[in-house]
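# Observations on the model geometry
One-letter residues, chain by chain:
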Amino acid sequence: MTMLTFLKLIRWPNVLMTILTQLVIVYAILNPSGVDLALNWWQLTLLILSTALLTAGGNVINDIQDVEIDKVNKPEKVLVGKVISENNAFTIYGVLTIIAVIAGFVLSNSLDKPIMATVFVFVAFILYIYATTLKGMLLIGNLLISLLVGLVIMITGIFELYPVITPVNQGAQQVMLKILFDFATGAFLINLAREWVKDCEDINGDHSGGRNTLAIAIGRIRAARVVSIFLLGVIALFVWYIYNYLYQNQIALFYFVFIIIAPLMYVMLRLWSSEKTAQFTLLSMILKIVLFAGICSMAVISLTV
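Residues numbered from 1 in each chain as written. Predicted model: local features only at pLDDT ≥ 70, side-chain atom pairs only at ≥ 80, totals over all residues. Heavy atoms only, no water.

## A look at the overall build of the protein chain
For clarity, the threshold we go by: In this text, helices come from DSSP runs of H or I with a minimum length of four residues, and strands from runs of E with a minimum of two, each type numbered from the N-terminal end. Three exposure classes are used, based on accessible area relative to the maximum for each residue type with a 1.4 Å probe and protein chains only: buried under 20%, partly exposed in between, and exposed over 50%. Here a residue-residue contact requires only that any non-hydrogen atoms of the pair lie within 4.5 Å. Note that His is not counted, nor are the chain ends; the positive residues are Lys and Arg, and the negative ones are Asp and Glu. Working definition for charges: the position is that of NZ of Lys, CZ of Arg, CG of Asp or CD of Glu.
Summing up its helical and strand segments, the protein chain has 13 helices and zero strands in all. Going from N to C terminus, the protein chain has its helices and strands arranged as α-α-α-α-α-α-α-α-α-α-α-α-α. Dimensions along the principal axes, computed over C-alpha positions, put the protein chain at roughly 60 × 45 × 30 Å. Counting over 305 residues, the protein chain shows a buried share of 50%. Pairs at least 24 residues apart make up 76% of the contacts formed inside the protein chain by residues separated by at least 6 positions. Charge centroids of the protein chain, computed over 18 positive and 16 negative side chains, lie 7 Å from each other.

## Observations regarding helix 7 (residues 140-161)
What counts is decided by this rule: Take the number of residues in a helix, subtract one, and multiply by 1.5 Å to get its expected span.
Between its terminal C-alpha atoms helix 7 stretches 30 Å, which fits the 32 Å expected from 22 residues at 1.5 Å a residue. Within helix 7, 16 of the 22 residues are buried, which leaves the element mostly enclosed by the surrounding structure.

## Some remarks on the confidence of the model for the protein chain
Predicted coordinates in regions of low pLDDT should not be interpreted in detail. The cut-off we apply is this: Scored from 0 to 100, pLDDT reflects the predictor's confidence in each residue.
Taken as a whole, the protein chain shows an average pLDDT of 91; of its residues, 99% reach a score of 70 or greater. Taking the mean pLDDT of every element in the protein chain, the minimum, 81, falls on helix 4 (residues 67-73) and the maximum, 96, on helix 5 (residues 86-110).

## Some thoughts on helix 5
Between its terminal C-alpha atoms helix 5 stretches 36 Å, which fits the 36 Å expected from 25 residues at 1.5 Å a residue. Turning to helix 5, its buried residues number three or more, namely Ala 89, Ile 92, Tyr 93, Leu 96, Thr 97, Ala 100, Val 101, Ala 103, Gly 104, Leu 107 and Ser 108.

## Section: the nonpolar core
Note the threshold: For the purposes of this section, nonpolar cores are sets of buried Ala, Val, Leu, Ile, Met, Phe, Trp, Tyr and Cys residues that join through side-chain atoms within 4.5 Å.
Membership of the largest hydrophobic core comes to 58 residues, with the highest contact counts inside it found for Leu 231, Ile 260, Leu 264 and Leu 271. At the level of secondary structure, the elements contributing two or more residues to this core comprise helix 2 (12-33), helix 7, helix 8 (170-201), helix 10 (214-218), helix 11 (220-246), helix 12 (250-270) and helix 13 (277-304). Here the element with the most residues in this core is helix 8; it accounts for 13 residues. In this view, Leu 264 contacts Leu 231, Ile 235, Phe 238, Leu 287 and Val 290; residues no more than four positions away in its chain are not counted. Counting residues in each nonpolar core, the second largest holds 44 residues, with Val 60, Leu 79, Ala 100 and Leu 111 among its members.

## Concerning the pattern of salt bridges
Which entries qualify depends on this criterion: The term salt bridge refers to a pairing of a side-chain nitrogen on Lys or Arg with a carboxyl oxygen on Asp or Glu at a separation within 4 Å.
Evaluation of the coordinates by the stated rule reveals seven salt bridges. Between Arg 211 and Asp 66 there is a salt bridge; the shortest N-O distance is 2.4 Å. With Arg 211 in the loop between helix 9 (203-208) and helix 10 and Asp 66 in the loop between helix 3 (41-65) and helix 4, the pair connects residues that are 145 residues apart, well separated along the chain. Residue Asp 66 is classed as buried on the basis of its relative accessible area, which comes to 4%. The structure contains a network of salt bridges with shared partners spanning Asp 66, Lys 135, Asp 206 and Arg 211.

## Describing the packing of aromatic side chains
Our working definition: Working definition: a ring pair exists when centres of Phe, Tyr or Trp rings (six-membered ring for Trp) sit within 6.5 Å. Plane angles under 30 degrees give stacked, over 60 give edge-to-face, the rest tilted.
Summed over all chains, the structure comprises nine aromatic pairs. Taken together, a centroid distance of 6.2 Å and an interplanar angle of 25 degrees make the contact between Tyr 93 and Tyr 128 stacked. Of this pair, Tyr 93 sits in helix 5 while Tyr 128 is found in helix 6 (residues 118-132), placing the two residues 35 residues apart along the sequence. Take Tyr 128: its relative accessible area is 32%, and that puts it in the partly exposed class.

## Some details on the packing of helix 2 against helix 3
Definition in use: Geometry is summarised by axes, namely lines fitted to C-alpha atoms with helices restricted to the contacting stretch, and by angles between N-to-C directions that run from 0 to 180 degrees. For classification purposes, angles smaller than 35 degrees are called roughly parallel, those larger than 145 roughly antiparallel, those between 65 and 115 roughly perpendicular, and all remaining angles oblique. Here a crossing is called left-handed whenever its near helix is offset anticlockwise from the far helix by less than a right angle, and right-handed whenever the offset is clockwise.
The N-to-C vectors of helix 2 and helix 3 enclose an angle of 155 degrees; their axes lie 9 Å apart at closest approach. Taken together, the axes of helix 2 and helix 3 lie roughly antiparallel to each other. Pair helix 2 / helix 3 crosses with right-handed handedness. In this structure, helix 2 uses Asn 14, Val 15, Thr 18, Ile 19, Gln 22, Leu 23, Val 26 and Tyr 27 to contact helix 3, whose residues at the interface are Leu 44, Leu 47, Ile 48, Thr 51, Ala 52, Thr 55, Ala 56 and Asn 59.

## A word on the packing of helix 3 against helix 5
Test applied: Note on residue classes: Ala, Val, Leu, Ile, Met, Phe, Trp, Tyr, Cys and Pro are nonpolar, Asp, Glu, Lys and Arg are charged, and everything else, Gly too, is polar.
Taken N-terminus to C-terminus, the directions of helix 3 and helix 5 make an angle of 155 degrees; their axes are 8 Å apart at the nearest point. Considering their axes alone, helix 3 and helix 5 lie roughly antiparallel with respect to each other. Judged by the sense of rotation from one axis to the other, the crossing of helix 3 with helix 5 is left-handed. Taken together, the residues of the contact of helix 3 with helix 5 break down into 20 nonpolar, six polar and one charged.

## Some thoughts on the environment of Ala 100
Within the element layout of this structure, Ala 100 appears in helix 5. Accessibility expressed as a relative area gives 0% for Ala 100, which makes it buried. A sequence separation of 61 residues divides Ala 100 from Leu 161, and the C-alpha atoms of the two residues are 21 Å apart. What Ala 100 contacts, discounting residues up to four positions off in sequence, is Ser 50, Leu 53 and Leu 54.

Here it is as structure tokens:
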């Protein structure tokens, strides 16, 4: 197996986005804020390594479980069974997950908070159950994977802030956690919309694989319109947030309006007329870019305050 095959198998853009998210949180939000932080450079490296490897492992087990469905939806992207055997792919999944959990245990013990290692075990367990069982259940799989996307943001704040909370700095630490929770909520909502759009995109393979997605339950066109209405609510929530917290920050205001809200409005409107797989593929990609732009917005806000 070549390095290129390995990178495709772990879906390296998703792993890279996870790494960048955590770096942005630490170096663009937490460090400039002046709050007390728990992690030194090697502990932060362990946190990022563990999160990245869990993400990679989750992608691998998804590919293993989705072989037959991907043969219908994206036959040109199927790796397991063609370029790499299922046994070798499962071995890679196991190695990635074990290293991730070990790194999490080392990190937690170095902070004298061994109980925090359960986070990594829990995430590894949920990723496996999601890929093997929950992914095919109506709404549950979409909600779960979107929660895990938001957790990438929260886990960074928890490990940086929680171990050094004292009665003196408690207020400042809680304010930072609240800010990160707001961004995690935004990431959850955007990813949830994208998951539903992907269900519209992958309806043929999901149907042949016996899955029960929103698109299958109510039909692709109806599902697309439900997602459009959902996005209208998300946009309204973002506008409210901008009005209450960012109105005086002109750079952040323009960034949110043109880089996040405008593309969301485009997707919302296009969902009413989208019927073909290629159309949903495009809208899914736009939502993925918006999700990344939302992550970058944390740095924009921090640097322009």
